[in-house]
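Here is how the chains run, residue by residue.
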Amino acid sequence: MQCQSLKNKVKDIEYALIVVSPLTRALQTLELSFPIETRKGHEEGVPIVALECARERCGTHPCDSRRCVDDLQREYPYVDFSRVPPGQDAQLC
């Protein structure tokens, strides 16, 4: 319901850049809320960049941690993960 509400609000906005947290829940919100035309990736559409600084700093639950960047790149090929450090999530407390 929240994603549908967001989708209705953003459908007519033209974006130059979309910044997203590298957490899976944020990437899922992106997929459910933004039109497919927006999510085609930086070569065909609006650049989408994942940044560590766009996420919570510390958490203790699995949903607070980031998955491996290689896995995220395979699942979300239209997102630029080049600014997300490789390896384990260093921000999980």
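No experiment lies behind these values; they were computed from the predicted model shown.

A.B. asks: How would you sum up the nonpolar core? Please name residues and give values.
C.D. replies: With 16 residues, the main nonpolar core has Leu 27, Leu 30, Ile 48, Tyr 76, Val 79 and Phe 81 as its most contacted residues. Only strand S1 (18-20), helix H2 (24-33), strand S2 (48-50) and helix H3 (69-75) provide two or more residues apiece to this core.

A.B. asks: Requested: an account of the environment of Asp 70, with residues and values cited.
C.D. replies: Here Asp 70 shows up in helix H3. Placed 16 residues apart in sequence, Asp 70 and Pro 86 show a C-alpha to C-alpha distance of 8.0 Å.

A.B. asks: Hey, could you go over the pattern of salt bridges for me, with residue numbers and the actual values?
C.D. replies: Following the criterion strictly, the structure yields three salt bridges and no others. Across the pair Glu 75 and Arg 67 runs a salt bridge whose closest N-O atoms are separated by 2.7 Å. A relative accessible area of 40% means that Glu 75 is categorised as partly exposed. Taking relative accessible area as the criterion, Arg 67 reaches 29% and is therefore assigned partly exposed. The salt bridge involving Arg 83 is made with Asp 80; its shortest N-O contact spans 3.1 Å.

A.B. asks: Any details on the packing of helix H1 (residues 2-10) against H2? Residues and values, ideally.
C.D. replies: To characterise two packed helices, one gives the angle between the axes of the helices and the distance between these axes. Interaxial distance between H1 and H2 falls to 8 Å at its minimum, and their mutual angle equals 55°. It follows from the interaxial angle that H1 and H2 lie oblique. Handedness of the H1/H2 crossing: right-handed. When H1 is examined against H2, the residues Cys 3, Leu 6, Lys 7 and Val 10 are found in contact with a partner set consisting of Thr 29, Leu 32 and Ser 33.

A.B. asks: Give me the lowdown on H2, citing residues and values where you can.
C.D. replies: Turning to H2, its buried residues number three or more, namely Thr 24, Leu 27, Leu 30 and Ser 33. Looking at the buried positions of H2, the neighbouring elements they touch are H1, S1, S2 and H3.

A.B. asks: Talk me through the side chain of Ser 21; I want residue IDs and the actual numbers.
C.D. replies: For Ser 21, the position within the fold is in the loop between S1 and H2. Classification of Ser 21 by relative accessible area gives buried; the value is 8%. Looking at Ser 21, its side chain comes within polar contact range of the main-chain nitrogen of Leu 23, at 3.1 Å. Apart from residues no more than four positions distant in its own chain, Ser 21 is found in contact with Ala 26, Leu 27, Leu 51, Ala 54 and Arg 55.

Cut-offs used in this document
- Within each chain, residues carry numbers counting from 1 in the order of the written sequence.
- Two thresholds apply to this predicted model, a pLDDT of at least 70 for residue-level local features and 80 or more for giving and counting side-chain atom pairs, whereas whole-chain, interface and lining totals are computed over all residues.
- As a rule here, side-chain values cover all heavy atoms of the structure and leave hydrogens and water aside.
- As used in this record, nonpolar core signifies buried Ala, Val, Leu, Ile, Met, Phe, Trp, Tyr and Cys residues forming a set joined through side-chain atoms within 4.5 Å.
- Residue exposure (1.4 Å probe, protein chains only): buried if accessible area is under 20% of the type maximum, exposed if over 50%, otherwise partly exposed.
- In this text, helices come from DSSP runs of H or I with a minimum length of four residues, and strands from runs of E with a minimum of two, each type numbered from the N-terminal end.
- Salt bridges are identified by distance alone: a Lys or Arg side-chain nitrogen within 4 Å of an Asp or Glu carboxyl oxygen.
- Interaxial angles span 0 to 180 degrees and are taken between N-to-C directions of axes, which are lines fitted to C-alpha atoms, for helices over the stretch in contact.
- By definition in this entry, angles of less than 35 degrees are roughly parallel, angles greater than 145 are roughly antiparallel, angles of 65 to 115 are roughly perpendicular, and the rest are oblique.
- Note on convention: the crossing is left-handed when the near helix lies turned anticlockwise from the far helix by less than a right angle, right-handed when the turn is clockwise.
- Contacts are assigned to residue pairs with any non-hydrogen atoms lying within 4.5 Å of each other.
- Any N or O atom pair separated by 3.5 Å or less is treated as a polar contact, with the protein-specific requirement of one donor-capable and one acceptor-capable atom, and with residues adjacent in sequence counted only for side-chain atom pairs.

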